[in-house]
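So you can see what is in the structure, the chains are spelled out below.
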Amino acid sequence: MFGWLERNPFFFAVGVFVVIAFAGLIEIVPDFAQQSRPVAGAKPYDLLRLAGRQVYIKDSCNACHSQLIRPFKIETDRYGMYSLNGEYAYDRPFLWGSKRTGPDLHRVGNYRTSDWHANHMWDPTSVVPGSIMPAYKHMFTNVTDLETAYAEALTVKKVFNVPYDKDIDGDGKIDVPLGSFEEAKQRALQDALKIAQETKRKDLVEMVKAGKIPEIVALIAYLNGLK
Amino acid sequence: MNWLSDNVNQLALLGAAAILILTIGVAAKYFKQIKEGKSEGELKEENWDGIGEYKNNSPIGWSLAFIGTIIWGVWYWLVGYPLNAYSQIGEYNEEVKSYQAKFESKWANPSKEDLLGMGEGVFLVQCSPCHGIDATGIEGKAQDLTRRFVSKSQVLDVIKRGSAALGNPNGQLGYQLGMMPPGLLSGADAEAVATYVANGFKGNNKGAELFQSACASCHGPDGRGMNGMAPNLREYDDPIISHVLQHGKQGIIGIMPSFKGRLTKVQERAVAAYIRSLSE
């Protein structure tokens, strides 16, 4: 039999593939379809949070922060419930990260607040003495790029059927409205105003009132939604 | 030859000698085989560009082991390894359970020092980013926990807006008396009581009198909250810490997030003890 395999390289390759892939197949395939569905309660990002997510990616927060709480007691004690696959269903790409220079952020919305983030991003050492996280003062003046965020939302809605403008939990109400760009922008401005007020910084409130959303506000909206 | 008296060194030397002898012996054997050995045996039919191969059956022991492994593999796949037998989450749950049991039995009756030590640890990890390492609230960014009420305006706000000043008009902290109604006092009266309470129930006769008439029915004549019916206004007792940790709070300083399910009962008591120790 082995002589036969040696003389037929194609079938030999198939055999090798089956043997090597076997363990992977039985571990991954049976559960995959189920695990990759959104968990109950998962909702796509609204416009402001999506814009904040883009800021997060742009400034490479994922180089120092993970978003993946492993099922170990030491981690769940500090960060809360371990992460589930389906929680990342609307993350494109996911931001698990691979290095924790700073703490995990997957549930940071549970234990930090808008004003804390504003203080911390302006000057980390003002709240955490000795912090080595860089300050992100430019985010307080840079204006968020809502157009790109809207384009992303519309694309995933059309291409991947992400449930924007749909009733996800079956209570008869639309869960995450998107609509036209103007509608979405008005909604984002309202959300932004609330967060700007929570940060207690007048400059941010004024910018939002003038129709411009500072990057920091979008970022805080994103962080507050990480739960 | 001092180093030879050490038996580890002796053993190492012995081992080195053995390895050397074996190496030389094996090398010599193969040299001899290369020089004198002759190939014998039956050739297989197939050959590759004129290079043939002997028929060379695998040793019996090896074959048996190989077949045995295949049988074991089938058994393991079908019987020994039911797909649901192991789960990472299951292991996690067991780990947490056994840890929790150990934790609870170890700290069933913590001494005061234990509580303070544990409380300081919890505080530094969970609370210090907002309340500051020294618990003074980082220049007004959060509650100064070294004193019960920092500012008169805080108390005044509660008198004016009642429970709504704590984040929820329906009684958010979860005390037995439920909610505190808004507008119990106003104007100079409210000022006087607020000053009295914020000063730690000292001085200010008018405030003291008004407190007895307007507030004592719920907060107790001494302001200590009648054993958890309403918040203790004089010090951070255990109930107030655990109520705040359970429900969070939203006052004029800002938002205190809820820590529901994140700390054990003992840890709550410990952090309360630690916070109290700061104002002593």
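Draft legend 1. Focus on helix α4 (residues 112-131) of chain B. The end-to-end C-alpha distance of α4 of chain B is 23 Å, clearly below the 28 Å that 20 residues give at a rise of 1.5 Å each. When the local axis directions of α4 of chain B are compared, the greatest deviation, roughly 50 degrees, occurs at V125 of chain B, which is followed within four positions by the proline P129 of chain B. Among the residues of α4 of chain B, those classed as buried are L115, M118, G119, V122, F123, Q126, C127, S128, P129, C130 and H131 of chain B. Here the buried face of α4 of chain B lies against α4 (73-79) and α5 (114-122) of chain A together with α3 (88-106), α5 (137-140), β2 (255-256) and α10 (265-279) of chain B. Just downstream of α4 of chain B, G132 of chain B is the residue with a positive phi angle, here 85 degrees.

Draft legend 2. Fine view of the confidence of the model for chain B. All names here are of chain B. When pLDDT is averaged along chain B, the result is 88, and 98% of the positions lie at 70 or above. Mean pLDDT across the elements of chain B bottoms out in strand β1 (residues 249-250) (88) and peaks in helix α1 (residues 7-36) (94). Note on the complex model: pTM 0.82, ipTM 0.80.

Draft legend 3. How the structure looks around the interface of chain A and chain B. Taken together, the contact pairs 27 residues of chain A with 26 residues of chain B. Seen at the junction of chain A and chain B, the total is zero salt bridges. Here chain A and chain B share five residue pairs in polar contact (both at pLDDT 80 or more) between them. For the side of chain A that touches chain B, the secondary-structure elements that each account for two or more residues are α1 (2-7), α2 (9-35), α4 and α5 of chain A. Per-element accounting of the side of chain A that touches chain B gives the leading share, five residues, to α4 of chain A. When its residues are assigned to classes, the side of chain A that touches chain B shows eleven nonpolar, seven polar and nine charged.

Draft legend 4. How the structure looks around the side chain of S83 of chain A. All names here are of chain A. Checked against the element boundaries, S83 lands in the loop between α4 and α5. One polar contact links the side chain of S83 to the main-chain amide nitrogen of I69, over a distance of 2.8 Å. Polar contacts involving the side chain of S83 include one to the side chain of H106, which spans 2.7 Å. Dropping the residues within four chain positions of it, S83 is found in contact with L68, I69, Y88, H106 and R107.

Draft legend 5. Expanded view of the environment of L146 of chain A. Residues and elements named next belong to chain A. Structurally, the position occupied by L146 is in helix α6 (residues 146-159). A sequence separation of 15 residues divides L146 from N161, and the C-alpha atoms of the two residues are 21 Å apart. Not counting chain neighbours up to four residues away, the residues in contact with L146 comprise L47, A51, F181, K185, A188 and I213.

Draft legend 6. A look at the state of the cysteines. As enumerated under the stated definition, the model contains zero disulfides over all chains in all. Counting only cysteine sulfurs, C127 of chain B is the nearest neighbor of C130 of chain B, a cysteine outside any disulfide, at a range of 8.7 Å.

Criteria and thresholds
- Sequence order as written defines the numbering, with residues in each chain counted from 1.
- All chains are assigned letters beginning with A, and all ligands numbers beginning with 1, in the order in which they are written.
- In keeping with the model being predicted, local features are shown solely for residues with a pLDDT of at least 70 and side-chain atom pairs are shown and tallied solely at 80 or more, while totals for entire chains, interfaces and linings include all residues.
- As a rule here, side-chain values come from all non-hydrogen atoms in the structure, and water together with hydrogens is ignored.
- Numbering of helices and strands runs from the N terminus, with a helix taken as a DSSP run of H or I at least four residues long and a strand as a DSSP run of E at least two residues long.
- Every helix has an expected span of 1.5 Å times one less than the residues it contains.
- Bending is quantified residue by residue as the angle between axes fitted to the seven-residue window ending at that residue and the seven-residue window starting at it.
- Any residue under 20% of the maximum accessible area for its type is buried, any over 50% is exposed, and the rest in between are partly exposed; the area is computed with a 1.4 Å probe on protein chains only.
- Residue contacts are defined here by distance: any two heavy atoms, one from each residue, within 4.5 Å place the two residues in contact.
- pLDDT is a per-residue confidence score from the predictor, ranging from 0 to 100.
- By definition, a salt bridge exists where a carboxyl oxygen of Asp or Glu is found within 4 Å of a side-chain nitrogen of Lys or Arg.
- Throughout this description, a polar contact denotes any pair of N or O atoms lying within 3.5 Å of each other; where both atoms belong to protein, one of them has to be capable of donating a hydrogen while the other can accept it, and for residues adjacent in sequence the pair is counted only when both atoms sit in side chains.
- Gly counts as polar in this scheme, as do all residues outside two lists: the nonpolar Ala, Val, Leu, Ile, Met, Phe, Trp, Tyr, Cys and Pro, and the charged Asp, Glu, Lys and Arg.
- What counts as a disulfide here is a pair of cysteine sulfur atoms lying within 2.5 Å.

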